[in-house]
Structures are given as structure tokens and as C-alpha cells.
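# Geometric and topological summary
So the chains spell out like this:
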Amino acid sequence: MDLDDIAARLGVPVEEIDRVHQLAGDRPSAPVPAKADAPAMLDRLGVRPDDAAEIMAGWPDSDSPLWTPELRWLLDRSIALVRADLGGYDWLSPGPALPRERGLAWRHLYVYAYLALVDVVRGYHRDHGVPDDVSWLTLADLGRNLAIDRRMNREGWPVMQSWLTLHARGGVYELGRLQHHRGVGAIGLHIPDAGPLTPEAIEASLDKARAFFPRHFPDEHYPAFSCASWLLDPQLSEYLPEDSNIVRFQRRFELEPYDETEGPDADVEVLRFVFRTLTTPLDQLPRDTVLQRAIIDHLKAGRHWQWRRGHFPI
């Protein structure tokens, strides 16, 4: 198909389709799993029944009227694009953000791409001796993110679809309370929505990482852990008690100088992670916790949150 025609039919800029074409080229794709195997896989990936029902209803069967030629082209080339960077650990968009209200195929196209890559990345894990339970726990971030997207009334997925390509390429591993991101010079820490951020849970996860990476990636050497997040904003200590889990987490890090041009808009990210909404007026947000009240009062005072980066030795 002509790239201009594909872009027009998908309603996205042709530059984005050209990017997919350039990165995927004629590289091999991977098949979407058989529909009969999908329920068990979706359950293993932590996908909730309501999300699983939608995914099954929009399944890209060869005779499905939901799947137009341009959608099939994008699915195939998106899989190839991500597969071509197997083992990579940089952020990678699998393709353009689609108008998801147009139907289930549009809404879940990148979910089907992820499902096609599950066996590919598990093969990569096996080659590195990664235990099967770590593989499945890591890949089950799909279900967590789909649930968050549903809670956010579909506001969250454009960011999440790029985030999940890290899992599908072997760049991120969930080891206890934290997700650990292979990278240049440090192991990046990510904090999933998975319960309290207690010091004990954090230390147990760090200990797992200290053993995991030398064992499974012996050619990669990491002297430090790093994190980039609004959670490292020292302004939080103005509102939270000294013994709060967030403040104790912050104390582990040596902060790098603040650069307001680096990273995403922290005001947006705080709303995304704390309230799971980007559109609700501040006056209508819940004020049930100290953190929620802090976020709201800080923004209503005309102040802004900061996206901060820090590190500490392994």
C-alpha cells in the first residue's frame, strides 16, 4: 500500500507512517497468538475480564471485518519495528496514536502487537536465563496498564503503549516492588501501582536487582540505581511527614540539578499517577490522603511540581 494512502485512511500524519516504514523495513514480524490460546495468555498477563472481553471481540482474525488493510499493515509493521530492537532499552513508540473511538481494532491494535511479541521476548529471557516467573510477572504489566487506562477513560494509553515496548524487548524487569530498567550507566527504577512503597519492600527489590543483573546480564555493569520522577520532587517534603514512605524513598537519592526542560510536565504526571485523570477540575478531585491534598493545594496556589532525577550507588 502507498504510505500516503495508509496515513490518510488511518487519520494520522504521513510522517508517522513513514517512521514505522523506515524502522520496520522488510524485517520479520511475528504472528498474533491463536485466538483459542488467547484467554489463558490474557489471564497470565493480568488482563481483567472486562478488558479481555474487548480484546477477544476485536481479535484480528483473517476474516474479521474490523480489520482493514491499513490496520493490518500497521499491526504487522509495528510488531516488526519492536522486534527489530529486541534487547533494546530506550523508549520506543510502536506507531502513531490512533483514534481509538473508531472501534476495537483501533483501540487495541498495540495490545495485539504486544501479544505477538510475548513469545519473542520470552525467548530472549530464556537465552539470558531469566526465570519464567520473572518473565510473566514483568509482562503482566500489560493488564495493570489496561486497567489504569480504563480508569482514566482512555486518556492514558498513548504513553503506556510506548512504555510497554520496554517489556516486549527485554528492557524492563519487575523484581518485587520495583521495576528495573536496563540502561546506560545505571539501573533505572520505576514504581508501579502495586501497593505501599515501604522501605522494606524497596530494599528487598534492590537486593533482587543486585543479584539479578550480574547473573543474567554479566556483560553489563551498573554502578548505580537511578530514578527520574515527580516522586523525587523535594517540594513534597513540605507537605508529607518525615516518616512517610515517599520521603524515605527520596532520601536514598542524590538529586541532580533541576532542569525544567528535562522530562515530561510534572504537573500532568502527578495528576496521571495520583488521581488517574488529566481532565477533572482540581476542585472535584478527592482529598482523602495527605498526598492528594498536597498535590491539589500546591497547584491551586499557582505552584508547579518538578520532574527530578537522582541516583545512589548499588
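About the criteria used
- Residues numbered from 1 in each chain as written.
- Predicted model: local features only at pLDDT ≥ 70, side-chain atom pairs only at ≥ 80, totals over all residues.
- Heavy atoms only, no water.
- Buried < 20%, exposed > 50% of the residue type's maximum accessible area, 1.4 Å probe, protein only.
- Helix = DSSP H or I, 4+ residues; strand = E, 2+ residues; numbered from the N terminus.
- Core = buried A, V, L, I, M, F, W, Y, C linked by side-chain atoms within 4.5 Å.
- Salt bridge = Lys/Arg side-chain N within 4 Å of Asp/Glu carboxyl O.
- Pairing = 2+ DSSP bridges.
- Phe/Tyr/Trp six-rings, centres within 6.5 Å; stacked < 30°, edge-to-face > 60°.
- 1 Å grid on protein atoms, 1.4 Å probe; cavity = no way out; pocket = protein on both sides within 12 Å on 5 of 7 lines; lining within 4 Å.
- Points joined across faces, edges and corners; volume = space filled by probe spheres on them.
- Nonpolar A, V, L, I, M, F, W, Y, C, P; charged D, E, K, R; others polar.
- Axes fitted to C-alpha atoms, helices over the stretch in contact; angles between N-to-C directions.
- Parallel < 35°, antiparallel > 145°, perpendicular 65-115°, else oblique.
- Left-handed = near helix turned anticlockwise from the far one by under 90°.
- Contact = heavy atoms within 4.5 Å.

## Quick notes on helix H8 (residues 141–151)
Within H8, eight of the eleven residues are buried, which leaves it mostly tucked inside the rest of the structure. Within H8 the residues assigned to the buried category are Asp141, Leu142, Gly143, Asn145, Leu146, Ala147, Ile148 and Asp149. Remark: Asn153 follows H8 within two positions and exhibits a positive phi of approximately 55°.

## A word on the nonpolar core
One finds Leu45, Ile55, Leu115 and Leu142 to be the most contacted residues of the largest nonpolar core, which totals 52 residues. Top contributing element to this core by residue count: helix H6 (residues 104–127), with 14 residues. Within the second largest apolar cluster, 22 residues are counted, among which are Tyr124, Val130, Tyr173 and Cys227.

## Some words on the pattern of salt bridges
Oppositely charged side chains may form a pair once their charged atoms are brought near each other. Tallying each qualifying case throughout the model produces 26 salt bridges. When the shortest N-O distance is used, the salt bridge between Arg107 and Glu54 registers 3.2 Å. Of this pair, Arg107 sits in helix H6 while Glu54 sits in helix H4 (residues 49–57); the two residues are 53 residues apart in sequence, bridging distant segments of the chain. Note that Arg287 and Asp297 form a salt bridge whose closest N and O atoms lie 2.9 Å from each other. Taken as a pair, Arg287 in the loop between helix H12 (266–275) and helix H13 (290–300) and Asp297 in helix H13 lie far apart in primary sequence, ten residues in all. For Arg287, a relative accessible area of 37% corresponds to the partly exposed category. Sharing partners across several salt bridges, the network here consists of Arg48, Asp50, Asp51, Glu54, Arg100, Arg107, Asp149, Arg150 and Arg154.

## Details of the sheet that holds strand E3 (residues 187–190)
Strand order in this open sheet of six strands is E1-E2-E3-E4-E6-E5, and the pairing throughout is mixed. Edge positions in the sheet fall to strand E1 (172–175) and strand E5 (254–255), since each has one partner strand and no second. Here strand E4 (residues 224–229) runs beside strand E6 (residues 308–313); their pairing, made up of six bridges, is antiparallel. Note on E6: the bridge partner recorded for Ser226 is His311.

## With respect to the packing of aromatic side chains
As enumerated under the stated definition, the model contains 15 aromatic pairs in all. Ring centres 5.1 Å apart and planes at 65° place the aromatic pair Phe249 and Phe253 in the edge-to-face group. Considered together, Phe249 and Phe253 belong to a single accessibility category, that of buried residues. Three or more aromatic residues link up through ring pairs in this structure, and these residues are Tyr124, Tyr173, Phe212, Phe213, Phe217 and Tyr222.

## What to know about empty space enclosed by the protein
According to the stated counting rule, one finds two cavities of 30 Å³ or more in the structure shown. Considered as a void within the structure, the largest cavity measures approximately 90 Å³ in volume. If you trace the largest cavity, you find eleven residues lining it, with Pro94, Tyr110, Tyr114, Gln161 and Thr165 closest to the centre. Contributions of two or more residues to the lining of the largest cavity are made by H6 and helix H9 (157–168). By residue number, the principal contributor to the lining of the largest cavity is H9, which donates five residues. Here the lining of the largest cavity is built from residues that sort into nine nonpolar, two polar and no charged.

## Quick word on the packing of H12 against H13
Packing of H12 against H13 brings their axes to within 11 Å, and their N-to-C directions diverge by 155°. With respect to their mutual orientation, H12 and H13 come out roughly antiparallel. Like other packed secondary-structure pairs, H12 and H13 cross with a definite hand, here left-handed. Side by side, H12 and H13 meet where Asp267, Val270, Leu271, Val274 and Phe275 of the first sit next to Leu291, Gln292, Ile295, Ile296 and Leu299 of the second. When grouped by side-chain class, the residues that make up the contact of H12 with H13 number eight nonpolar, one polar and one charged.

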